[in-house]
Amino acid sequence: MNIQSLLERAGLLLEQGRHKDAETHIREALRLEPGNGTALSLMARFHFDSKQFDEGIAAIQNAISVDSQNSFYFYLLAFGYYQKDQLTQAVTNLEKAISLNPYVAEYFGMLAFVLLREKNFEAALARADEGLALDPTHVTCLNARATALNKLRRTDDAFETMNSALAEDPENELTHTTIGWNLLERGRNRDAERHFMEALRIDPNHASAKSGLKEALKSRILPYKWLLQYSFWISNKGRNFQVALPIILYISFRVLIGLSRGSGSTAVLGWILGGIYILMVVVSWTIGSIANFVLLFNRTGKYALTHTERWSAITVVSALVAGIAILLVATLGTADSASPYTPYLFGAGLVCVSLALPLGNIEYPLSFANKGWRDRYALLLVALGLVSLACFALAPALSLFLLVAYGIAFLVYNWSGIAGR
Amino acid sequence: MQNETIKNLLEALAFSPQNVPLRLHVATLMLEEKMYAEASEQFQAVLEHSYGNEKAQLGLATCYFHTGKFSAATIIYEQLQDRLTTADTVRYIKCLIKENAMHHALELYQQLLLLQPGFSDPEIDGLLRVSGQGAGMVAEEEEEDDRYFLQKPKERFADVGGMQRVKEEISIKIIQPLNNPDLFKAFGKKTGGGILLYGPPGCGKTFIARATAGEINARFISVGLHDILDMWIGNSEKNLHEIFQLARRSAPCVLFFDEVDAMGASRSDLKQSAMRHVINQFLEEMDGINNSNDGVLILAATNAPWSVDPAFRRPGRFDRVIFVEPPDQKARQEIIVSLLNGKPAGDIDHGKLAADTEKYSGADLKAVVDIAVEEKLRESMSKGSIQPLQTKDLLKAVKQHRPTTLEWFASARNYALYANESGLYDDILKYLNIKK
């Protein structure tokens, strides 16, 4: 078979999503002509489709070394960097592609998406508009523009753009997904749900639409909705703010401690604020799993959850319910008469509640092999917690020691940011 | 006596040189008298007057054949390939053999044998029907290269383990109408149309298609992914038409399209009108607008039913869409037994193996046995004696080989959940035990 028909076949197979069949054709073409630019670019696309971004980038760099005037190669290279979140390189290569061929709307649309991820919303909007000047119906550019407008809080313009994108191509999963996320960010979770469902109908394997659908469904629970709005707000603030946030939190924490050491009403205020803070922390750990637990009772939600999400939900909620129940029993017990078991019950209740954190952060089905140290630490923590729980019942004397050990391990887990995903 | 006649006729021809039938008659007589040089002159004269006269062409080819001009004869036979008589075909095959085009010769001979199973020609048989290894090798190459080759599968439904539901569907849709045409006519049930089989890879879609052909003693033409791709790239619709024509000529015939989704390509491509022509041609052929599809049974298989153009599923086309699921426990047990057949094996607990291999496809089970066999080979070599396979070796291999169907189900599940408007994927939901 000659190289041209090999490449044509490979291109077709890639478009049909048959990566493995395409690979053999591309390799055969490269064997015939190792320096064929088209073959190398197809190889890069094959690697990108198989989520092997480093290999893909290497292949397209080879193609560029063969033909440094092909704008599409630079576009592909930028795509690889974008997927790897190396945004500066992505921008550089897209600008190179645009300088080689300034008439391709797709290049501008892609550049706009990179800038969106850099939180450079104004620039993204400008680029998307440039792309739309070339092709007013270009769906990527319309989506980038709509997202940029939404982030800039120009909601009306955003919705107008989204509607024109839909009018252009009502069967485009990307458009429906973008609209879904934009609506979700505006707090219109019911509408978002509809668009995510539509996107999934068109492409049931669309990952972003699926996670969007889950978020939309969970947003039916108010505290979750607030938390989601908060995380949108944080993520829109740009990197500087995200770096500054822990410092702000630390300062307010010091202030709180200062307040609680004061006398009279300031101390009470400090304790109340501190209590609210701790409540918020606990809620933010567990609300995701609690929301997932509620999803288990929703017909659509039930099947959208992954295995890990489902089991996290079940274990976290069980731990919370058990812990709170034990704590209630302990409180009622002290109200009646001080039983010798009361401190143990309190300890057990606290351990149960705190177990929710590592339980929500590990992968299911449980396995110690092939895991990073974070997961292993979390697993050990859960094991330690369960052992100390057993000790409360069987060997109360040992339990104090274990409780302390668990407490230290838990604090290390929490404060070292292991829990932060 | 004949010579006398010829002489007289030649004289008559001298008076009316334009008389084509007369000249043909003379030439034919000359052929019978083995006067090849003279006959060839007459045939050429006929062709001068009536260009493209088939009789004359074939006569000329016969002359060429007997005078040793094999390449000239081959050219003529090639042009008239579809209209050759048995005797012509035999000569064509012999020319090809002389020209050393063994592949082509073998193909033609096999086709001829299909049409006339009792036929035999000692000269050709001596060259092409070599017993032993040589012939086997040729036949193997044959399978790879000649893609539209007509086969006559020997597999029957009884050879297919499990798949009861699929067999029943095929039976009611394809086999019964063929066996009881009057009954179906009485109920006004139209025969025809096709069946689309879908399911994870390696679960026997191709095998059941072959067995369908075997069951009704029909010929079998398999069109694979690469043939379909060629249609996209080259001057394709013609190829498609030729395949259908071959099937019609060979009726009863099962025409099987593997990976038929490649015909539809991806959604975005469909908008490009240039790409639609293959699909349109396919639909036209299936509908049998210009040619009747009587006796042609069309089966198709795909791993990606969601990529199959919805137009394929309209009534009269692939109006039955059947899910071919991975083998159930009983079928798995049968497969394991047959895979281990003839291999050194100890006391194997087939039931346990079958129970532990849920969602494994036939191909997966084969891989499992291969892994275990390799391990045992290594062990036997180091120990210097044959170590029989044990249940635990196979169970270990099961752990090493994850079923390849999982990936397929991960994707199929999403389609069944989110894109199941017409209930097309209800079978998948049922198999995965999902209640919507």
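What counts as what
- Sequence order sets the numbering: in each chain, residues are counted from 1 along the sequence as written.
- Chain A is the first chain written and ligand 1 is the first ligand written, with later ones labelled in order.
- In keeping with the predicted nature of the model, local features appear solely for residues at pLDDT of at least 70, side-chain atom pairs appear and are counted solely at 80 or more, and the whole-chain, interface and lining totals rest on all residues.
- By convention in this description, side-chain values take in all heavy atoms of the structure and omit both hydrogens and water.
- Working definition: helices are DSSP H or I runs of at least four residues, strands are E runs of at least two. Numbering for both runs from the N terminus.
- To sort residues, take the accessible area from a 1.4 Å probe on protein chains only and compare it with the maximum for the residue type: under 20% means buried, over 50% means exposed, and anything in between is partly exposed.
- We call two residues in contact when some of their heavy atoms are within 4.5 Å.
- For accessible areas, the Shrake-Rupley method is used with a probe of radius 1.4 Å. Any residue's cover is judged against the shown protein chains and nothing else.
- Each axis is a line fitted through C-alpha atoms, taken for helices only over the stretch in contact, and angles between the N-to-C directions span 0 to 180 degrees.
- Oblique is the label for every angle not falling under 35 degrees (roughly parallel), over 145 degrees (roughly antiparallel), or within 65 to 115 degrees (roughly perpendicular).
- Left-handed describes a crossing in which the near helix is turned anticlockwise from the far one by less than a right angle; the clockwise case is right-handed.
- Strands pair, by our definition, only if DSSP identifies at least two bridges between them.
- Salt bridge, as used here, is a side-chain nitrogen of Lys or Arg placed within 4 Å of a carboxyl oxygen of Asp or Glu.
- Patch membership requires over 30% relative accessible area and the absence of a salt bridge. Like charges are linked within 9 Å, and nonpolar side chains (Val, Leu, Ile, Met, Phe, Trp, Tyr) within 5 Å.
- Paired rings are identified among Phe, Tyr and Trp, the last through its six-membered ring, by centres lying within 6.5 Å, and are further divided according to the angle between planes into stacked (under 30 degrees), edge-to-face (over 60) and tilted (the rest).
- Criterion for a charge above a ring: Arg CZ or Lys NZ at most 6 Å from the ring centre, at most 35 degrees from the ring normal.
- What counts as buried area is the accessible surface, traced by a 1.4 Å probe, that two parts surrender upon association, with contributions from both included.
- Polar contact is defined as a pair of N or O atoms within 3.5 Å, subject to the rule that within protein one atom must be able to donate a hydrogen and the other to accept it, and that residues adjacent in sequence are counted only when both atoms are side-chain atoms.
- For every residue, the pLDDT score states the predictor's confidence, bounded by 0 at the bottom and 100 at the top.

(A) Up close: the overall build of chain B. For chain B, the helix and strand inventory stands at 23 helices and five strands. Counting the 436 residues in chain B, one finds 47% classified as buried. Taking all contacts inside chain B whose residues are at least 6 apart in sequence as the whole, residues at least 24 apart take part in 69%. Surface exposure of chain B reaches about 22,100 Å², of which carbon and sulfur atoms provide 51%.

(B) Layout of the overall build of chain A. Secondary structure summary: chain A contains 21 helices and zero strands in total. For chain A, the proportion of contacts with a sequence separation of at least 24, taken over those separated by at least 6, is 54%.

(C) Region of the structure containing the packing of helix α2 (residues 20-32) of chain B against helix α3 (residues 36-49) of chain B. Residues and elements named next belong to chain B. Closest axis-to-axis distance for the α2/α3 pair is 8 Å, and the angle between their directions is 160°. Between α2 and α3, the interaxial angle falls into the category roughly antiparallel. In this structure, α2 meets α3 at a crossing whose hand is left-handed. Only Tyr36, Glu38, Ala39, Gln42, Phe43, Ala45, Val46 and His49 of α3 make contact with α2, whose side of the interface consists of Val20, Arg23, Leu24, Val26, Ala27, Thr28, Met30 and Leu31.

(D) Geometry of the sheet that holds strand β4 (residues 296-302) of chain B. Residues and elements named next belong to chain B. Spatially, the five strands line up as an open sheet ordered β2-β3-β4-β1-β5, and their pairing is parallel. Since the sheet does not close on itself, it has two edges, and those belong to β2 (219-223) and β5 (320-323), each with one partner. Geometrically, the sheet is characterised by an average inter-axis angle of 20° between neighbouring strands, direction not taken into account. Two elements, strand β1 (residues 194-198) and β4, share five bridges in a ladder whose sense is parallel. Residue pairing for β4: Leu196 is matched across the bridge by Ala300. Across the sheet, helix α12 (residues 205-215) is in contact with β1, β2, β3 (253-257) and β4; its angle to β3 comes to roughly 170°.

(E) The arrangement of the pattern of salt bridges in detail. Tallied over the entire structure, the rule returns 33 salt bridges over all chains. A salt bridge links Asp261 of chain B to Arg18 of chain A; the nearest nitrogen and oxygen atoms lie 2.3 Å apart. Linking Asp261 of chain B in helix α15 (residues 261-264) with Arg18 of chain A in the loop between α1 (3-15) and α2 (19-32), this pair reaches from one chain into another. No difference in accessibility class separates Asp261 of chain B from Arg18 of chain A, as the two residues are buried. With a shortest N-O distance of 3.5 Å, Glu375 of chain B and Arg378 of chain B are connected by a salt bridge. Here the residue Glu375 of chain B and the residue Arg378 of chain B both occupy positions in helix α20 (residues 362-383), the gap between them amounting to three residues, near one helical turn. The partly exposed category is assigned to Glu375 of chain B, whose relative accessible area is 35%. Taken together, the salt bridges that share partners define one network made up of Lys376, Glu379, Lys383, Lys392 and Asp393 of chain B.

(F) Summary view of a nonpolar patch on the surface. Together, Leu249, Phe253, Tyr277, Ile278, Leu411 and Trp415 of chain A line one region of the surface with nonpolar side chains, adding up to about 620 Å² of accessible area. A relative accessible area of 63% places Trp415 of chain A in the exposed class.

(G) Representation of the packing of aromatic side chains in the model. Per the counting criterion, the structure on display carries 29 aromatic pairs over all chains. Aromatic side chains Trp181 of chain A and Phe232 of chain A sit 6.4 Å apart centroid to centroid with 80° between the ring planes, which places their arrangement in the edge-to-face category. Within this pair, whereas Trp181 of chain A is found in helix α11 (residues 173-185), its partner Phe232 of chain A is found in helix α14 (residues 222-235), the two being separated by 51 residues in sequence. Under the relative-accessibility criterion, Trp181 of chain A is labelled partly exposed at 23%. In this arrangement the basic side chain of Lys359 of chain B is found over the ring face of Phe409 of chain B, its NZ or CZ atom lying 5.6 Å from the centre.

(H) Local environment of the interface of chain A and chain B. Between chain A and chain B, the residue contacts involve 25 residues of the former and 27 residues of the latter. Interface area, chain A with chain B, both sides summed: about 2,300 Å², of which 51% is carbon and sulfur. It is Arg9, Arg18 and Tyr303 of chain A in chain A that bury the most area against chain B; as a group they hold 28% of the surface buried on that side. Taken together, the connections running from chain A to chain B amount to two salt bridges. Linking chain A to chain B there are six residue pairs in polar contact (both at pLDDT 80 or more). Put simply, the parts of the chain that give the side of chain A that touches chain B at least two residues each are α1, α2, α12 (189-202), α13 (207-218) and α17 (299-304) of chain A. Per element, the largest residue contribution to the side of chain A that touches chain B is six residues, and it comes from α1 of chain A.

(I) Spatial organisation of unusual backbone geometry. Looking along the chain, the bond that leaves Tyr364 of chain A and enters Pro365 of chain A is cis, with omega of -5°. Along the chain, Pro365 of chain A falls in the loop between α19 (342-361) and α20 (373-394). Positioned with a positive phi, Glu259 of chain B is a non-glycine residue whose angle comes to about 50°. The backbone of Lys359 of chain B sits at a positive phi, close to 70°, despite the residue not being glycine. Mapped onto the secondary structure, Lys359 of chain B falls in the loop between α19 (350-355) and α20. Accessibility expressed as a relative area gives 23% for Lys359 of chain B, which makes it partly exposed.

(J) Here's a closer look at the pairing of β4 of chain B. All names here are of chain B. Most of β4 sits inside the fold, with seven of its seven residues counted as buried. Alternating positions in β4 separate into two faces, Val296, Ile298, Ala300 and Thr302 on one and Leu297, Leu299 and Ala301 on the other, with burial throughout. Bridge count between β3 and β4: five bridges; the pairing is parallel. Residue pairing for β4: Leu255 is matched across the bridge by Ile298.

(K) Examining the confidence of the model for chain B more closely. Residue and element names in this part refer to chain B. Averaged over all residues, the pLDDT of chain B equals 80, while 88% of them reach at least 70. Across residues 130-147, confidence stays below pLDDT 50; counting only partners more than four residues off in sequence or on other chains, it has 14 contacts. Long-range and interchain partners of residues 266-271, a stretch whose pLDDT sits below 50, account for 10 contacts in this model, where long-range means more than four residues apart. Model confidence for the complex is summarised by a pTM of 0.68, with the ipTM given as 0.73.

(L) How the structure looks around the side chain of Arg91 of chain B. Residue and element names in this part refer to chain B. With respect to the element layout, Arg91 can be found in helix α6 (residues 86-98). Judged by relative accessible area, Arg91 falls into the buried class, the value being 19%. A distance of 2.9 Å separates polar atoms of two side chains, one belonging to Arg91 and the other to Asp88.

(M) Region of the structure containing the side chain of Asp393 of chain B. Tracing the backbone through its elements, the reader meets Asp393 of chain B in helix α21 (residues 391-400). With near-sequence residues (within four places) excluded, Asp393 of chain B lies in contact with Ala372, Lys376 and Pro388 of chain B.

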